[in-house]
Amino acid sequence: MGASNIEQELSLYNSSILANLNFAGSPATFNPPISADNPGEPWLKVRPLQTGDFHRGFLQILSQLTAVGNVSLAQFLNRFAQMRASGDYFVTVIVDTRSDKIIGSATLVLEHKFIHGCSVRGRLEDVVVDDTYRGKQLGKLIVVTVSLLAQRLGCYKMSLDCKDKLIPFYKSIGYVLEPGNSNTMNIRYEQPSAAVSANHTSGSEPTLPIDPS
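To keep things clear, this report deals only with the structure shown in the data block. Everything numeric here is computed off the predicted structure, so don't read it as measured data.

With respect to the pattern of salt bridges
Consideration 1: The final tally for this structure, using the stated rule, is nine salt bridges.
Consideration 2: The shortest N-O distance in the salt bridge between R98 and D96 comes to 2.9 Å.
Consideration 3: On the basis of relative accessibility, which here comes to 2%, the residue D96 falls in the buried class.
Consideration 4: In this structure, a network of salt bridges that share partners links the residues E9, R47, D53, R56 and D100.

Description of the sheet that holds strand β1 (residues 44-48)
Consideration 1: Taken together, the five strands give an open sheet; going across it, the order is β1-β2-β3-β4-β5, and neighbouring strands pair in mixed fashion. The open sheet has two edge strands with one neighbour each: β1 and β5 (155-159). The sheet shows a mean angle of 20° between the axes of neighbouring strands, taken without regard to direction.
Consideration 2: Bridge count between β1 and strand β2 (residues 89-96): five bridges; the pairing is antiparallel. Across the sheet, R47 pairs through a bridge with V93, a residue of β2.
Consideration 3: Across the sheet, helix α5 (residues 138-152) touches β1, β2, β3 (101-112), β4 (120-129) and β5, and the angle it forms with β2 is around 150°.

Brief notes about the pairing of β5
Consideration 1: Across four bridges, β4 lies against β5 in parallel orientation. Residue pairing for β5: V120 is matched across the bridge by C155.
Consideration 2: A crossover connection joins β4 to the parallel β5 through α5; in handedness this β-α-β unit is right-handed.

Thoughts on helix α3 (residues 73-86)
Consideration 1: Between its first and last C-alpha atoms α3 spans 20 Å; for 14 residues at 1.5 Å apiece the expected length is 20 Å, and the two agree.
Consideration 2: Downstream of α3 by one or two residues, G87 has phi in the positive range, about 75°.

Here we look at α5
Consideration 1: Here α5 spans 21 Å end to end across 15 residues, near enough to the 21 Å set by a 1.5 Å rise per residue.
Consideration 2: Counting buried positions along α5 gives 13 out of 15 residues, so the element sits mostly inside the fold.
Consideration 3: Phi for G154, located one or two positions after α5, is positive at around 90°.

Considering the environment of F58
Consideration 1: Relative to the elements of secondary structure, F58 occurs in helix α2 (residues 58-63).
Consideration 2: Owing to a relative accessible area of 7%, F58 belongs among the buried residues under this scheme.
Consideration 3: When the C-alpha positions of F58 and V95 are compared, they lie 9.8 Å apart, and in sequence the two are 37 residues distant.
Consideration 4: When sequence neighbours within four positions are dropped, the list of residues in contact with F58 reads L49, D53, F76, V91, V93, I102 and S105.

Scoring rules and cut-offs
Residues numbered from 1 in each chain as written. Predicted model: local features only at pLDDT ≥ 70, side-chain atom pairs only at ≥ 80, totals over all residues. Heavy atoms only, no water. Salt bridge = Lys/Arg side-chain N within 4 Å of Asp/Glu carboxyl O. Buried < 20%, exposed > 50% of the residue type's maximum accessible area, 1.4 Å probe, protein only. Pairing = 2+ DSSP bridges. Helix = DSSP H or I, 4+ residues; strand = E, 2+ residues; numbered from the N terminus. Axes fitted to C-alpha atoms, helices over the stretch in contact; angles between N-to-C directions. Contact = heavy atoms within 4.5 Å. Right-handed = clockwise from strand over helix to strand, strands pointing away. Expected span 1.5 Å × (residues − 1).

Put into structure tokens, the structure is as follows:
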């Protein structure tokens, strides 16, 4: 992508809120120490999702997690605009600047409540890191980044669903299983209803489970 195109790109949220997150205050340990500001290699960058990331392999990274479907550029940009306008979606990515490719991603979704004094709950979704980059602590980095971001945004708690095999990973970075509230149940709608399809021209949404890879 040319310099002029990069300058015209939109970010999903203001990247300044990623600066100086308190990694020292996280229960997670990094060896060697890394953070969103310093991800461990000079060619790695942690930042918000951008409009040009369609061409940087963002959907291909998600496809390592689950079925994405045949999402067009127009659909991607439409969903991006909806998320950006809502102000409640914080899709955060890791970029390999050498190849200008997305190699990891995690999403923080804000859920507005009446409880806890009309507070906000954070949900961690769609965690994935390209498995060719294992050994660089990037799965832990992207999860801790969005978890600290939720704290900075005033969430009273952060929630996630994960497979049993991933429980030790999330425990190691501060997440806990709460007695009596440790199971997740879902109802899945594989095909959108005719009414929904008629009103949402951007297409159906895939169901994306959490997996840090």
